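# Per-entry structural report
The chain contents come next:
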Amino acid sequence: KVCDEYHDLISKSQVASSAKHAETVARHLGSLLLGSVADRLKAKKRLLIVPDGAIHRVPFGALPTSFEGEINRQILLDTHSISYVPSLSVLRAIRSQVSRRSAPAMDVLVLAAPELGPDASPLPNSRKEGEDVLALAPANRSLSAFGVDASRAFVLGGILKGYRYILFSTHG
């Protein structure tokens with residue numbers, strides 16, 4: 001019930017009185033969900049959430065970092081990297097797949113400023129963004145495709161799986 005109340009409060013436009021109520025509910029909800037591990041959270045930077053039921057509706061990043069004392073406007077997203085997995089069995093499967101996977105041979109693949117036809121132009125600064133990212137990677141462990149080379153055929157040709165990081169700098 002508290003999860004739903006908090007979700008409803010933060011989903012609506014706020015006036016000062018309802019914002020104050022949302023902070024109170026957030027502190028109560030944070031205490032219910034994380035109070036027993038609050039001391040251990042301070043020493044950690046990563047938080048993995050495996051929600052169930054109504055907890056799926058809780059934006060953990062918006063919960064306060066402190067559940068007691070004076071109201072603290074700092075939220076978990078300010079202090080933690082937060083990830084979600086649907087279940088522990090999914091997490092196990094992901095970790096198992098990752099452990100069997102060999103490391104990619106290459107680091108960075110950049111596709112930027114593709115030619116999208118006569119009615120569309122590349123995003124402004126798309127090429128520069130791609131070049132800036134490439135400058136961060138060793139030249140012998142990166143590849144780029146700009147303009148006509150940054151094509152659908154290039155993307156679907158199977159080359160992507162050999163790269164750890166891929167940048168698409170184009171229209172969505």
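### Remarks on helix α1 (residues 2–11)
Think of an α-helix as turning once every 3.6 residues; residues three or four places apart then point the same way. Turning to α1, its buried residues number three or more, namely Val 2, Cys 3, Tyr 6 and Leu 9. Burial along α1 is one-sided: seen end-on, the buried residues are contained in an arc of 135 degrees.

### Here's the deal with the sheet that holds strand β4 (residues 142–147)
Backbone hydrogen bonds are what pair the strands of a sheet, in a parallel or an antiparallel way. Ordered in space as β4-β3-β5, the 3 strands form an open sheet in which the pairing is parallel. The outermost strands of the open sheet, each flanked by one partner alone, are β4 and β5 (163–169). Neighbouring strand axes in the sheet, compared pairwise and without regard to direction, differ in orientation by 10 degrees on average. Examined bridge by bridge, strand β3 (residues 106–114) and β5 share 6 bridges and lie parallel to one another. Among the inter-strand pairings, Val 110 is bridged to a residue of β5, identified as Leu 167. The sheet contacts of helix α6 (residues 126–134) involve β3, β4 and β5, and relative to β3 the element is tilted by about 170 degrees.

### Some remarks on the side chain of Ser 142
Examined against the element boundaries, Ser 142 turns out to sit in strand β4. Within the structure, Ser 142 has its side chain in polar contact with the backbone oxygen of Pro 138 (distance 3.2 Å). Once residues within four sequence positions are removed from consideration, Ser 142 is found in contact with Met 106, Val 108, Leu 134, Ala 137 and Tyr 163.

### Re the environment of Tyr 163
Mapped onto the elements of the fold, Tyr 163 is located in strand β5. A C-alpha to C-alpha distance of 41 Å links Tyr 163 and Asp 4, two positions 159 residues apart in sequence. Contact partners of Tyr 163, with chain neighbours within four places excluded, come to Pro 104, Met 106, Asp 107, Val 108, Leu 109, Arg 141, Ser 142 and Leu 143.

### Observations regarding the side chain of Ser 169
Mapped onto the elements, Ser 169 comes out in strand β5. Non-local contacts of Ser 169, meaning those with residues more than four positions away in its chain, are made with Leu 111, Ala 112, Ala 113, Pro 114, Ser 126 and Glu 129.

### Points about unusual backbone geometry
Positioned with a positive phi, Ala 113 is a non-glycine residue whose angle comes to about 50 degrees. Position of Ala 113 among the secondary structure elements: in strand β3. Residue class for Ala 113 comes out buried when judged on its relative accessible area of 10%. The backbone phi angle of Asn 125 is positive, close to 70 degrees, even though this residue is not glycine. Tracing the sequence through the fold places Asn 125 in the loop between β3 and α6. The exposed category is assigned to Asn 125, whose relative accessible area is 59%.

### A short note on the pairing of β4
As defined by bridge partners, β3 adjoins β4 across 6 bridges and the pair is classed as parallel. Residue pairing across strands places Leu 111 opposite Ala 145, the latter belonging to β4.

### A few points about α6
Every buried residue of α6 is listed here: Ser 126, Gly 130 and Leu 134. The arc that holds every buried residue of α6, seen down its axis, measures 75 degrees, which confines them to one face. Its buried side turned inward, α6 meets β3, β4 and β5.

Conventions used here
- Residues numbered from 1 in each chain as written.
- Predicted model: local features only at pLDDT ≥ 70, side-chain atom pairs only at ≥ 80, totals over all residues.
- Heavy atoms only, no water.
- Buried < 20%, exposed > 50% of the residue type's maximum accessible area, 1.4 Å probe, protein only.
- Helix = DSSP H or I, 4+ residues; strand = E, 2+ residues; numbered from the N terminus.
- Arc of directions from axis to C-beta.
- Pairing = 2+ DSSP bridges.
- Axes fitted to C-alpha atoms, helices over the stretch in contact; angles between N-to-C directions.
- Contact = heavy atoms within 4.5 Å.
- Polar contact = N/O pair within 3.5 Å; in protein donor to acceptor, adjacent residues only side chain to side chain.

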